[in-house]
Amino acid sequence: MYIRQTKTSSSPTGETYSTFRLVASVRTGGKVRQQTLLNLGKNFDLAKELWPQLCTRIEQILAGQLSLIPGAPAVEKLAQRYAARLVMSGPKEERGEVRETVDYQEVDIDSLELVRPRSIGVEHAGLAALAELQLPRILAEVGLNGVQQAATLGSIIGRMAEPGSELATYAWLTGQSGLGELLDVDYEAMPLIRLYRTSDLLVRHRQAIEARLFSRISDLFSLPATVTLYDLTNTYFEGAMAGNGKARRGHSKEKRSDCPLVTLGLVLDGSGFVRRSRMFEGNAIEAATLEQMLTGLAAPAGALVIMDRGIATEANIAWLTGQHYRYLVVSRERKRQFAAEQAIAVTTAAKNTVRIQRVLSEDGTELRLYCHSGQRENKETAITQRFSERFERGLAKLAAALQTPRGDKRRDKILQRLGRLQEKSHGIAQHYRIELTPDAAGDKIVALNWEKQPVAGTMVTHPGVYCLRTNELSWDEDTLWRTYTMLTDLEAVFRSLKSELGLRPIYHHREDRAEGHLFITVLAYQAVQALRRRLKDQGFQESWSTLRRIFAGQRRITATFRQKDGRTLHVRKTTVAEPKLQQLYEALGLSASPVGVRKMVV
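Residues numbered from 1 in each chain as written. Predicted model: local features only at pLDDT ≥ 70, side-chain atom pairs only at ≥ 80, totals over all residues. Heavy atoms only, no water.

A. A look at the overall build of the chain. The helix and strand inventory of the chain stands at 18 helices and 19 strands. Sorting the 602 residues of the chain into buried and exposed places 46% on the buried side. In the chain, the share of contacts with a sequence separation of at least 24, taken over all contacts with a separation of at least 6, comes to 64%. Here the chain has roughly 30400 Å² of accessible surface; of this, 50% comes from carbon and sulfur atoms. For the chain, the separation between the mean place of its 84 positive charges and that of its 67 negative charges on side chains is 4 Å. (Helix = DSSP H or I, 4+ residues; strand = E, 2+ residues; numbered from the N terminus. Buried < 20%, exposed > 50% of the residue type's maximum accessible area, 1.4 Å probe, protein only. Contact = heavy atoms within 4.5 Å. Areas by Shrake-Rupley, 256 points an atom, 1.4 Å probe, with all protein chains shown as cover. Lys, Arg positive; Asp, Glu negative; His and termini not counted. Charge placed at Lys NZ, Arg CZ, Asp CG, Glu CD.)

B. Up close: the sheet that holds strand E3 (residues 31-41). Taken together, three strands build an open sheet; the order of strands is E1-E2-E3 and the sheet is antiparallel. Edge positions in the sheet fall to strand E1 (2-9) and E3, since each of these pairs with one other strand and no more. Each neighbouring strand pair of the sheet contributes to a mean axis angle of 40 degrees, computed without reference to strand direction. As paired strands, strand E2 (residues 16-28) and E3 are joined by nine bridges and run antiparallel to one another. Counterpart to Arg27 in the pairing with E3 is Val32. With respect to the sheet, helix H1 (residues 51-62) is in contact with E1 and E2, its orientation differing from that of E1 by roughly 125 degrees. Packed on one face of the sheet, helix H2 (residues 73-88) meets E2 and E3 and runs near 115 degrees to E3. (Pairing = 2+ DSSP bridges. Axes fitted to C-alpha atoms, helices over the stretch in contact; angles between N-to-C directions.)

C. Molecular detail of the pattern of salt bridges. This model, assessed by the stated rule, comprises 30 salt bridges. One salt bridge connects Asp512 with Arg510, and the closest N-O pair in it is separated by 2.6 Å. Look at the salt bridges and you will find they share partners, linking Glu314, Glu333, Glu366, Arg368 and Arg469 into a network. (Salt bridge = Lys/Arg side-chain N within 4 Å of Asp/Glu carboxyl O.)

D. Structural detail: the side chain of Thr558. Among the secondary structure elements, Thr558 is positioned in strand E17 (residues 555-563). One polar contact links Thr558 to Arg572, side chain to side chain, over a distance of 2.7 Å. Beyond its immediate sequence surroundings of up to four residues, Thr558 is in contact with Val87, Glu113, Leu114, Val115, His570, Val571 and Arg572. (Polar contact = N/O pair within 3.5 Å; in protein donor to acceptor, adjacent residues only side chain to side chain.)

E. Looking closely at helix H16 (residues 511-537). The terminal C-alpha atoms of H16, which comprises 27 residues, lie 39 Å apart, in line with the 39 Å expected from a rise of 1.5 Å per residue. Most of H16 is tucked away, with 20 of its 27 residues classed as buried. Just downstream of H16, Gly539 is the residue with a positive phi angle, here 95 degrees. (Expected span 1.5 Å × (residues − 1).)

Set out below in structure tokens:
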């Protein structure tokens, strides 16, 4: 076994470069021939004087021998990697295939070693989902070559299996995952920068990829194009991010306002698949993003757009009407109202009751649905009661201080303390009439009294009430309310992106790299959604976190034995799927033993 260097010229540019191969001399038909065992590529950079040591160490590993003299760490790392690749490239035997003869070998049981365990379950399911969505074909259509496609698939499946940064994904691909065996790609030979540069390419072709991918999803699942959901969330950075123009301080929905933020806007269809995504500044005004996200979306005429109250401004509703969209939004009006005698009851999936009052506008162009939820009433009543009790304790403390001989009774100081108390009251102070009694000179306050006077049309007087607005006049209350509840599915999407697929935090300093991180997460979500959709049709309701734990239990592993004749037997095989995993594979129509069996005798 030795290493051969061959000089090659590039046809388009005429550039000369060297390629490296691991070669062995074999005797065939009485003649000695050279057989290429592995192509080491053009980035093989081990010093030439260490090549014999590397070849010797590979032979020792394959023969099950220990090295008496420890070699250089770089040599040992490459030797382990190339020996594993040689075992993986051995003759393939698919699980379940009919064999004409049974392969019995006498081995020393005590010599058994189990080496190179790699996860394979999430990779197997994730790759099947991406293949069903035709993502490799889409990537080829936008101009990505084979290496770039492999890097893309590695990044996406890495985000599904082990969410984290691109650096963490690279460590997972090269040290823990068996994805390379499924794709016949050596990720250990791929430099880290390849993942970053591929991320840049994905951002460059983002619009085309999203459009073609959603078109494929629509055909695959026969999705109706009548409902569009739109909302935004934000995620935070670790670091100052001075080089990212969209990193801004703003209101963090994760309570990380101490960090720079970026905002992710998503347009989804009614089944939860992403139609379009976009990264905005961290302090973006939600209402100002709607037009640019929906323009050119190719939604059918009269499609229904569902939005939360943060986006449902009068200007946006007017724009939707002008573009011939229907809308169903949470009203921004502050005053609450509800007439129970005019309401009908709707039963939720959780067997709770929501009462809905239908009110048509005077011009007959818009409906308002005033909804009352018993569960929401209990929650809001508890909130207002807690704030009221806290506010009254503050007033009582302030009043008690006025009765102590050494208490500060100066009028301006009392007003200052009262103002601070009102500021921290979460709006509950508006429901109290507070009376200050001054002394004869008017400079000091001698008494403080208060009385609770709830303001009509607020959470205190109408707990559990909210209002929906729509220009869809033909639907009944039940249909409109159940369609609105799709927004809760969108909130579940954001939770999945953040907690299950590693959307947060972002470590990239460059704007395009941060955008690439978000886009890869969105692509991973599409694959997860496709898997869960298939499994849901078969009765599986588990979250991706639960499914991932089940898939992650399966491994590829190499068993090495010393045979009676002195040779070493290497068998690389996938562990048997546990019963629950077997059920998932059957529901997805996938083999329970991905890659099959590889054997090698040295």
